[in-house]
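# Structural description and commentary
One-letter residues, chain by chain:
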Amino acid sequence: MNTLKVSIVTPDGPVYNSEVEMVSTKAETGELGILPGHIPLVAPLQIGAVRLKNGSKTEYVAVTGGFLEVRPEEVTILAQAAERAENIDFARAQAAKARAEQLLQSNRDDIDFKRAELALKRAMNRIDVSQHR
């Protein structure tokens with residue numbers, strides 16, 4: 001069984017470090033599937049899930065952007081923030097989603113809509129990933 005060493009790191013420290021058979025994630029250019037022996041690559045990531053497959057088991061990590069570096073036998077993800085599915089506080093993510101939606105629906109001039117949209121995307125990603133515990 002061929003595997004890749006995968007490290008997901010944030011400014012707060014490591015979030016994930018293990019050997020897996022396949023990594024799937026969303027880069028700015030589209031969906032990526034990475035297997036052992038993949039050509040070297042560096043790509044910016046979108047807000048989304050990183051799926052880490054090992055046999056019949058798949059683990060999920062929510063990332064909020066960052067960069068992916070692929071080497072033939074190693075993948076490193078440098079993310080602004082990342083949370084494993086089992087560590088996501090579902091109620092907190094739902095509250096963040098509700099706050100972002102409320103801001104986006106308001107007609108106030110002092111709202112930074114781009115920032116509110118990003119907050120909504122992050123919250124929705126955390127909610128989606130938390131469903132894969």
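Residues numbered from 1 in each chain as written. Predicted model: local features only at pLDDT ≥ 70, side-chain atom pairs only at ≥ 80, totals over all residues. Heavy atoms only, no water.

### What about the overall build of the chain?
- The secondary structure content of the chain amounts to two helices and eight strands.
- The linear arrangement of helices and strands in the chain, starting from the amino end, is β-β-β-β-β-β-β-β-α-α.
- The principal-axis extent of the C-alpha atoms belonging to the chain is close to 55 × 30 × 25 Å.
- When each of the 133 residues of the chain is scored for burial, the buried share is 38%. (Helix = DSSP H or I, 4+ residues; strand = E, 2+ residues; numbered from the N terminus. Buried < 20%, exposed > 50% of the residue type's maximum accessible area, 1.4 Å probe, protein only.)

### Notes on helix α2 (residues 113–130)
- Its 18 residues give α2 an end-to-end C-alpha distance of 26 Å, which sits within 8% of 26 Å, the value for a rise of 1.5 Å per residue.
- Among all positions of α2, only A116, L120, A123, N125, R126, I127, V129 and S130 are buried.
- Its buried side turned inward, α2 meets β5 (41–54), β6 (57–71), β8 (82–84) and α1 (90–105). (Expected span 1.5 Å × (residues − 1). Contact = heavy atoms within 4.5 Å.)

### Observations regarding the packing of α1 against α2
- Contact geometry for α1 and α2: axes closest at 8 Å, N-to-C directions at 150 degrees. As far as their axial angle goes, α2 and α1 are roughly antiparallel. The hand of the α1/α2 crossing is left-handed. Contacts between α1 and α2 involve F90, R92, A93, Q94, A96, K97, A100, E101, L103 and L104 from the former and F113, A116, E117, A119, L120, A123, M124, R126, I127 and S130 from the latter.
- Within the contact of α1 with α2, the residues separate by chemical class into 13 nonpolar, two polar and five charged. (Axes fitted to C-alpha atoms, helices over the stretch in contact; angles between N-to-C directions. Parallel < 35°, antiparallel > 145°, perpendicular 65-115°, else oblique. Left-handed = near helix turned anticlockwise from the far one by under 90°. Nonpolar A, V, L, I, M, F, W, Y, C, P; charged D, E, K, R; others polar.)

### Considerations on the side chain of T10
- As for its position among the elements, T10 is in strand β1 (residues 4–10).
- Residue classification places T10 among the buried positions, given a relative accessible area of 11%.
- When residues no more than four places from it in sequence are discounted, the contact partners of T10 are V15, A79, Q80, A81 and A82.

### A look at the layout of surface pockets
- Looking at the largest pocket, its volume works out to about 420 Å³.
- Taken together, 21 residues form the lining of the largest pocket, with K26, Q46, I47, G48 and N125 sitting closest to its centre.
- Secondary structure elements with two or more residues in the lining of the largest pocket: β5, β6 and α2.
- Partitioning the lining of the largest pocket into residue classes produces six nonpolar, eight polar and seven charged.
- Quantified by volume, the second largest pocket comes out at close to 250 Å³.
- Contributing to the lining of the second largest pocket are 15 residues, with E83, R92, R122, A123 and R126 lying nearest its centre.
- Those elements that provide at least two residues to the lining of the second largest pocket are β6, β8, α1 and α2. (1 Å grid on protein atoms, 1.4 Å probe; cavity = no way out; pocket = protein on both sides within 12 Å on 5 of 7 lines; lining within 4 Å. Points joined across faces, edges and corners; volume = space filled by probe spheres on them.)

### Quick look at the pattern of salt bridges
- In this structure the tally under the stated criterion is seven salt bridges.
- Between R51 and E31 there is a salt bridge; the shortest N-O distance is 2.2 Å. With R51 in strand β5 and E31 in strand β4 (residues 30–34), the pair connects residues that are 20 residues apart, well separated along the chain.
- Residue class for R51 comes out partly exposed when judged on its relative accessible area of 26%.
- Judged by relative accessible area, E31 falls into the partly exposed class, the value being 46%.
- Between K97 and E101 there is a salt bridge, and its shortest N-O distance comes to 3.1 Å. In this pair, K97 and E101 are both assigned in helix α1, four residues apart and thus about one turn of the helix distant.
- Overall, K97 belongs to the partly exposed group, its relative accessible area being 26%.
- Each of E59, R84 and E86 takes part in one network of salt bridges that share partners. (Salt bridge = Lys/Arg side-chain N within 4 Å of Asp/Glu carboxyl O.)

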